[in-house]
Amino acid sequence: MADTKTLHDAFIDELRDAYDAEKQLVKALPKMARAASSDELRDAFVSHLEETRGQLERLEQVFASLDEKVRGKHCDGMAGILEEGKSIMEGGFDDATMDACLIAAGQRAEHYEMAAYGTLVAWANVMGHTEAARLLEGILNQEKAADEALSALAESGINEAAAGGDDEDDEDDDEEPPTPKPAKPSATKSARGSKTTQSGGSSQKSKK
Ligand SMILES: [Fe+2]
Ligand SMILES: [Fe+2]
């Protein structure tokens, strides 16, 4: 006579899932930070790593407030998102495109978290777990802010740089990516004379 499980059971399950997801992120974020070329993007990943460590502590407080043992349960969803992120990092993209892709991967993770914490807050409220709801809402707000910060970075020049082909890489690495240009039959003037340089530092800063 197996007991039918309740919303409370589902809630605890989701909490364990979230706890595991955050643990996965604590491992993944440093790798994403290392793969980033933009200083701002790297900083964003590093600072969200710090927040994520804090979120683990907050989740531990949530478990405590419910008299539950702190426990994680493998989060397949986050594992999948991070697996995709890993293939991006191994994808051989140019620096600017890699940054744009890292933002895309990061935002997938943030949206997954936002969905999870949105549900957790709603469930905590409906079951009268006031303290848990307050803590979870704090985490939810951090996830939203992290997502917005990534959007702002994308829109403040990273996407544009990716679209324009990033040749303004200030690391002077000799190993230029192999660009097998099938030398145009037309007047191929001496090397790279007149490339339309659209980078010029004028990124769209729509700060308002
Ligand atoms: Fe998180
Ligand atoms: Fe997050």
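For clarity, every value in this text was computed on a predicted model and none was experimentally measured.

What to know about the packing of helix α1 (residues 7-35) against helix α4 (residues 95-126)
Piece 1. Axis separation between α1 and α4 bottoms out at 10 Å; the angle between their running directions is 160 degrees. When the interaxial angle is binned, α1 and α4 end up roughly antiparallel. For the element pair α1 and α4, the recorded crossing hand is left-handed. In this structure, α1 uses L7, F11, E14, L15, A18, A21, L25, M32 and A35 to contact α4, whose residues at the interface are M98, L102, G106, A109, E113, A116, Y117, T119, L120 and W123.
Piece 2. For the contact of α1 with α4, a count of residues per class yields 15 nonpolar, two polar and two charged.

Here's the deal with the nonpolar core
Piece 1. With 45 residues, the main nonpolar core has L136 and I158 as its most contacted residues.
Piece 2. For this core, the secondary-structure elements that each account for two or more residues are α1, α2 (39-65), α3 (76-89), α4 and α5 (130-164).
Piece 3. Sort the elements by how many residues they give to this core and α5 lands first, with 13 residues.
Piece 4. If sequence neighbours within four positions are ignored, I158 has contacts with S38, L41, A96, D99, A100, I103 and L153.

Topic: α1
Piece 1. Between its first and last C-alpha atoms α1 spans 40 Å; for 29 residues at 1.5 Å apiece the expected length is 42 Å, and the two agree.
Piece 2. Regarding α1, the residues found buried are F11, L15, R16, A18, Y19, A21, E22, L25, A28, L29, M32 and A35.

Digging into the environment of E83
Piece 1. Within the fold, E83 resides in helix α3.
Piece 2. Spatially, the C-alpha atoms of E83 and A105 are 9.9 Å apart, while their sequence positions differ by 22 residues.

Points about the confidence of the model for the protein chain
Piece 1. Here the protein chain averages 85 in pLDDT, and 78% of its residues register 70 or above.
Piece 2. A low-confidence stretch, residues 168-176 stays under pLDDT 50, and its non-local contacts, those more than four residues away or across chains, total two contacts.
Piece 3. Note on residues 183-208: pLDDT under 50 across the span, and 13 contacts to partners over four residues away in sequence or across chains.

Parameters at a glance
Residues numbered from 1 in each chain as written. Chains lettered and ligands numbered in written order. Predicted model: local features only at pLDDT ≥ 70, side-chain atom pairs only at ≥ 80, totals over all residues. Axes fitted to C-alpha atoms, helices over the stretch in contact; angles between N-to-C directions. Helix = DSSP H or I, 4+ residues; strand = E, 2+ residues; numbered from the N terminus. Parallel < 35°, antiparallel > 145°, perpendicular 65-115°, else oblique. Left-handed = near helix turned anticlockwise from the far one by under 90°. Contact = placed C-beta atoms within 7 Å. Nonpolar A, V, L, I, M, F, W, Y, C, P; charged D, E, K, R; others polar. Core = buried A, V, L, I, M, F, W, Y, C linked by C-beta atoms within 7 Å. Buried ≥ 20, exposed ≤ 12 C-beta atoms within 10 Å, placed from the backbone. Expected span 1.5 Å × (residues − 1). pLDDT = per-residue confidence, 0-100.

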